[in-house]
Amino acid sequence: SDYGDVLLMPFVGKGSVINTEYSSEFSHNNEFAAPGYYSVILDKNKVKVELTASTRVAVHKYTFPKSNEAKGFVIDLKHRDIVIKSALKYAESDKAILGFRDSKAWSDNQKYSFSILASVPIQKIEYFVDDKLVDAPEGITGQNCKAIVYFYPEVEEVVLKVAVSGTGFMDNAHKNHIEIPDF
């Protein structure tokens, strides 16, 4: 990835797939960076975000403020570039969110697939195509695919493992979780 092919954004309260609604400012005073590690506290919802990575697996840790409000994260596959095709689905047997994104920017056909595993159970996933909520228990495909992933309100900390593959095949991305076997 040249940068940000899969945008994930944590939220507290009402989730939204509209980037002006889910985005958050932050203060450099609440930011820390060191080789292999980055953290920030988001101004909008006070979620602490911590990031690190191996060669093919990013690790996100979200620490949510104590609240009975909904908590989760947004997946936005359309936030940049020309998207040729994208897809999202939940693989119940693996407890994984699988997806791919074929786009045109620095490459005429950049293929990118990913698999997301969460350290806590997922309560529900809402799928959106062209920013409209769709009833799609089997997942979605299109040029503008997004999702809102909800955790149970009592959750205060979540670790996500985001495995990636440049082949465009979702199964290959899922196999890369072996780089970081545990949460």
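Placed above this text is the structure.
Here's what I pulled together on the structure shown here. (Residues numbered from 1 in each chain as written. Predicted model: local features only at pLDDT ≥ 70, side-chain atom pairs only at ≥ 80, totals over all residues. Heavy atoms only, no water.)

Thoughts on the nonpolar core
Note the threshold: Only buried residues count toward a nonpolar core, which is a set of Ala, Val, Leu, Ile, Met, Phe, Trp, Tyr and Cys residues joined through side-chain atoms within 4.5 Å. Burial status follows relative accessibility: with a 1.4 Å probe on protein chains alone, a residue under 20% of its type maximum counts as buried, one over 50% as exposed, and anything between as partly exposed. Put simply, DSSP H or I for four residues or longer makes a helix, DSSP E for two residues or longer makes a strand, and each gets a number counted from the N terminus. Between two residues, a contact is recorded if the distance between any of their heavy atoms is within 4.5 Å.
In this structure, Phe-73, Ile-75 and Leu-88 are the most contacted members of the largest nonpolar core, which totals 40 residues. Mapped onto this core, the elements with two or more residues apiece are strand E1 (7–12), strand E3 (37–42), strand E6 (71–76), strand E9 (110–118), strand E10 (122–129), strand E13 (145–151) and strand E14 (157–165). If one sorts the elements of this core by residue count, E13 sits on top with six residues. Those residues within four positions of Phe-73 in sequence are excluded, and the remaining contacts are Leu-8, Met-9, Pro-10, Phe-11, Tyr-62, Ile-97, Ile-116, Ala-147, Ile-148, Val-149, Phe-151 and Leu-160.

Some words on the side chain of Lys-71
Worth spelling out the cut-off: For the purpose of charge, His is not counted, nor are the chain termini; Lys and Arg are scored as positive and Asp and Glu as negative. Only one rule defines a salt bridge in this text: a Lys or Arg side-chain nitrogen within 4 Å of an Asp or Glu carboxyl oxygen. Within 3.5 Å is the distance limit for a polar contact, defined as a pair of N or O atoms, with the added protein rule that one can donate a hydrogen and the other accept it, and that residues adjacent in sequence qualify only through two side-chain atoms.
Mapping Lys-71 onto the fold places it in strand E6. The buried charged residue Lys-71 lacks any salt bridge partner; its closest oppositely charged side chain belongs to Glu-156, at an N-O distance of 6.1 Å. A distance of 2.7 Å separates the side chain of Lys-71 from the backbone oxygen of Ser-67, its partner in a polar contact. Here Val-155 takes part through its backbone oxygen, which lies 3.2 Å from a polar atom of the side chain of Lys-71. With residues near it in sequence (within four places) discarded, Lys-71 still touches Phe-11, Val-12, Phe-64, Pro-65, Val-149, Tyr-150, Phe-151, Pro-153, Glu-154 and Val-155.

With respect to the packing of aromatic side chains
To be explicit about the condition: Aromatic contacts are taken between Phe, Tyr and Trp rings whose centres are within 6.5 Å, Trp giving its six-membered ring; a plane angle under 30 degrees counts as stacked, one over 60 as edge-to-face, and the others as tilted. Criterion for a charge above a ring: Lys NZ or Arg CZ within 6 Å of the ring centre, and within 35 degrees of the ring normal.
Taken as a whole and judged by the stated rule, the model has four aromatic pairs. Between Phe-32 and Tyr-37, the aromatic rings sit 6.0 Å apart at their centres with planes inclined by 55°, giving tilted as the arrangement. Owing to a relative accessible area of 47%, Phe-32 belongs among the partly exposed residues under this scheme. Classification of Tyr-37 by relative accessible area gives partly exposed; the value is 29%. Here the aromatic rings of Tyr-62 and Phe-64 are separated by 6.4 Å at their centres, their planes lie at 75°, and the arrangement is edge-to-face. Like Phe-64, Tyr-62 is buried. Between the NZ or CZ atom of Lys-124 and the centre of the ring of Tyr-150, over which it lies, the distance is 4.9 Å.

Some remarks on the sheet that holds strand E11 (residues 132–134)
Operational definition: Two strands are said to pair when DSSP picks up at least two bridges between them. Helix axes use the C-alpha atoms of the stretch in contact, all axes being lines fitted to C-alpha atoms, and the angles between their N-to-C directions lie in the range 0 to 180 degrees.
Taken in spatial order, the five strands line up as E1-E6-E13-E10-E11 in an open sheet, and their pairing is antiparallel. The strands lining the two open edges of the sheet, one partner per strand, are E1 and E11. On average, adjacent strands in this sheet sit at an angle of 30° to one another, irrespective of strand direction. When E6 meets E13, the two strands line up antiparallel, connected through six bridges. Across the sheet, residue Lys-71 finds its bridge partner in E13, namely Phe-151.

A closer look at the sheet that holds strand E2 (residues 26–34)
Strand order in the open sheet made by the nine strands is E2-E3-E4-E5-E14-E9-E8-E7-E12, with antiparallel pairing throughout. A single partner strand is all that each edge strand has here, and the edge strands are E2 and strand E12 (140–142). Taken over all neighbouring pairs, the strand axes of this sheet differ in orientation by 15° on average, direction set aside. Alignment of E2 against E3, held across five bridges, turns out to be antiparallel. Bridge pairing links Phe-26 to Leu-42 in E3.

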